[in-house]
Amino acid sequence: MRVYQFSEQPYYPTWNDHSGSLRVILPNRKCDPRVAADLFHRYYDEYQACDDIGLDIMLNEHHQSATCMSSAVVVGLSVLARATKKARLLVLGYPIGHRPDPLRVAEELATVDVISRGRLDMGFIKGIPYEIAASNRNPVELMERFWEAHDFILKAMTTHDGTFNWEGEYFHYRQVNIWPRPWQEPHPPVWSTTGSTTQARVLGERGYVMATLGTGYGTRKIYDAYRKSYLAKFGRAPTADRFAYLGLVAVAKDKEEARKRGHLIAGYLRTSSIVHLPFRNPPGYLPAEDNARLMRGETPPRSFTKDGRGINMHAATVEDLIAAGILFCGTPDEIYAQIVDFCDHCGGMGNLLMMGHGGELTHAQTIDNLTLFASDVLPRLKAYRQPDAEAAAAVVAA
Amino acid sequence: MLQRTDSATDSLVVEGTRIDLIERGKGRPVLFLHAENGIEPAAAAIEALAKSAHVVAPTHPGFGRSDVPRGMHTVDDLSYFYLDLLDQLDVRDVTLVGVAFGAWIAAEIAVKSTARLHRLIMANAVGIKLGDRETRDIADIFALTEPEYLEIAYCDPNAGRRDYKSLPPAEVVAAARAREATARFAWSPYFHNPQLKSRLHRVRIPTLFLWGAHDRMVDEAYGRAYCAMIPGAHFETIARAGHFPHQEQPEIFAKRVLAFMDGK
């Protein structure tokens, strides 16, 4: 198993000073650039520590938000491509359906891949609904635009014998020939995220690494949708390295300290959905049939405990988050048992995206969290034998 | 000419795209283009018009149950779709009536061809940009809560309130599709076509602007300036109505439309 450390790089000093929205409309006057600089340097220090202790690194971006200061993720990638030596750098991800210029995306990512000497994992994402207001991209047909950007970026990364022409539905170029070309052949690995079985099937057909967030013990259903379409397309079962899961991780020598850290890290969950209502669901972001269900007041839970109980991860207790596999929390032994149980339940999961910092967890707590995980949990996870992939896929096929 | 698919609504296929279409009444032809809130809220106005005219009221591509072909993104596309529809129906001397988003479509049709048109009536029309780049002419409705939206779009917010829990499921889906289709066509540039203003002089048929006086989504000054760009166009307000005067004052709306159609 690989483990990628992830932080949203929050500007938490404003978390108790907003008028109902931490995103989109929170005036940036509340952001003190000096405080932001200290936080950025601190977060990069923590990422650099990962490089030394054997953890890989995940970065993301959100826009106009106090929950995540990383608004231009290529900046963080660039800093870390130079400042780290071993860690893989996963960007999860680039919201390529929002970007006006996929050529620029291909250039940025190829450059990061070269500077890092081939350590980039390249996540392409739809982006959460709140990003629409910032990009002003039309939410209708966002995914059609996404897939054309995806096709273009891969074509740009894999064309080496001169220019090519692109006159698509959304993007137009006539002389494409990126410099530098990416280090990894044929291109950095492609990752994506989803919460839906429909999109899981699409990703399975392409064999990309698929990550989910907040799906807890409902994850298996999404993985199985992937397994089914992967099996149909490639004639073999997808191995565990095709699956990723973002879990909050709070580990400590004693259980009480771990619970305290878990509560602080879960500050991410408690704040991430504080968004002015109209920006939560822009028109066309979801299919009309799904919107009609929401309009009728049907809002099914998306996070489930092992015994099938739905929970609201934005308001849940630490104990409920642990029960739902959203937070892995406890001593090293407890954490290992929780993660392995989750992997077994999912039929295999080879990439833990570990939110080892969140909310108001301090630098010292974060470093302790990461180093303890790296010394006492990671070696065991590396040695962990994933469930048999063929057996997991056979269940789905039957 | 129209192909009946069920008891409630007719449907029509125009150049491969199937849309729903209501046809009511006898008399001179009226093509009614509904607003961004869909065809359902226009029912009373359509019935009122149909007492004295032959009303054809399509559901725009992407709204209601109407298909939308891939690649149809703009009101310019919609205007060509309706020019095709007029050709297909082979109607002449049509009074073209549009409300709000539908009035934008009507303007885009009329700048291209008025060959089949007799009169143009635009109510609470959107479609052009007047203010400077940092001044919104039209409220950002996608950044409003539903109560905020109802407050600015209606004279009486209750007129626009809908209880989705008690509506038939198909009507809720239609409302969701109306919101989505509005975004498809009006997201950016927001509710306007930068080219339209410079083409309005081409509208050379008698034109009437109707304006629900309580519209705070887009105000009367915008409507009057828009009206002034169409040669000879008249401007009238409708009291106790907002952005959707056909919905809040259907009888008065229909009376004004019919009077203008008959040259009164």
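Residues numbered from 1 in each chain as written. Chains lettered and ligands numbered in written order. Predicted model: local features only at pLDDT ≥ 70, side-chain atom pairs only at ≥ 80, totals over all residues.

Lay out the overall build of chain B in plain terms, naming residues and giving numbers.
Scanning chain B from terminus to terminus reveals eight helices and nine strands. In terms of principal-axis extent, the alpha carbons of chain B reach across some 45 × 45 × 35 Å. For chain B, the residues scored as buried account for 51% of the 264 residues in total. (Helix = DSSP H or I, 4+ residues; strand = E, 2+ residues; numbered from the N terminus. Buried ≥ 20, exposed ≤ 12 C-beta atoms within 10 Å, placed from the backbone.)

Lay out the pairing of strand β9 (residues 234-238) of chain B in plain terms, naming residues and giving numbers.
Residue and element names in this part refer to chain B. For strand β8 (residues 207-212) and β9, the ladder comprises five bridges, and the chain directions are parallel. Among the inter-strand pairings, Phe 209 is bridged to a residue of β9, identified as Phe 235. With helix α6 (residues 220-228) bridging β8 and its parallel neighbour β9, the resulting β-α-β unit is right-handed. (Pairing = 2+ DSSP bridges. Right-handed = clockwise from strand over helix to strand, strands pointing away.)

For helix α6 (residues 197-206) of chain A, give the residues involved together with the corresponding values.
Residue and element names in this part refer to chain A. Those residues of α6 lying buried are Ala 200, Leu 203 and Gly 204. Down the axis of α6, the smallest arc covering the buried residues is 105°, so these residues share one side. Buried residues along α6 sit against β7 (190-193), β8 (209-213) and α7 (219-234). (Arc of directions from axis to C-beta. Contact = placed C-beta atoms within 7 Å.)

Quick rundown of the interface of chain A and chain B? Include the residues and the values.
Listed per partner, the contact involves 17 residues of chain A and 20 residues of chain B. Of the residues belonging to the side of chain A that touches chain B, the class tally is nine nonpolar, five polar and three charged. (Nonpolar A, V, L, I, M, F, W, Y, C, P; charged D, E, K, R; others polar.)

I'd like to hear about the nonpolar core, residue by residue, with values.
The biggest cluster of nonpolar side chains holds 114 residues, and the ones touching the most others in it are Ile 57, Ala 211, Leu 327 and Leu 353 of chain A. Broken down by element, this core gets its largest block of residues, eight residues, from strand β9 (residues 243-251) of chain A. Sequence-distant contacts of Leu 353 of chain A, defined by excluding residues within four places in its chain, comprise Tyr 4, Phe 6, Met 58, Ala 211, Ala 244, Tyr 245 and Leu 246 of chain A. Core analysis: the next-biggest nonpolar cluster, separate from the first, contains 95 residues, Ile 46, Ile 128, Ile 138 and Ala 174 of chain B among them. (Core = buried A, V, L, I, M, F, W, Y, C linked by C-beta atoms within 7 Å.)

Would you mind going over helix α3 (residues 102-115) of chain A in detail, with residue names and values included?
Compared with an ideal rise of 1.5 Å per residue, which puts 14 residues at 20 Å, α3 of chain A spans 20 Å between its outermost C-alpha atoms and is within 8% of the ideal. Count one or two residues on from α3 of chain A and you reach Arg 117 of chain A, which has phi positive near 55°. (Expected span 1.5 Å × (residues − 1).)

Tell me what's going on with the environment of Val 218 of chain B, and back it up with residues and numbers.
Residue and element names in this part refer to chain B. Along the chain, Val 218 falls in the loop between β8 and α6. Taking the number of C-beta atoms within 10 Å as the measure of exposure, Val 218 has 23 and is therefore buried. Beyond its immediate sequence surroundings of up to four residues, Val 218 is in contact with Asn 124, Val 126, Asp 137, Ile 138 and His 243.

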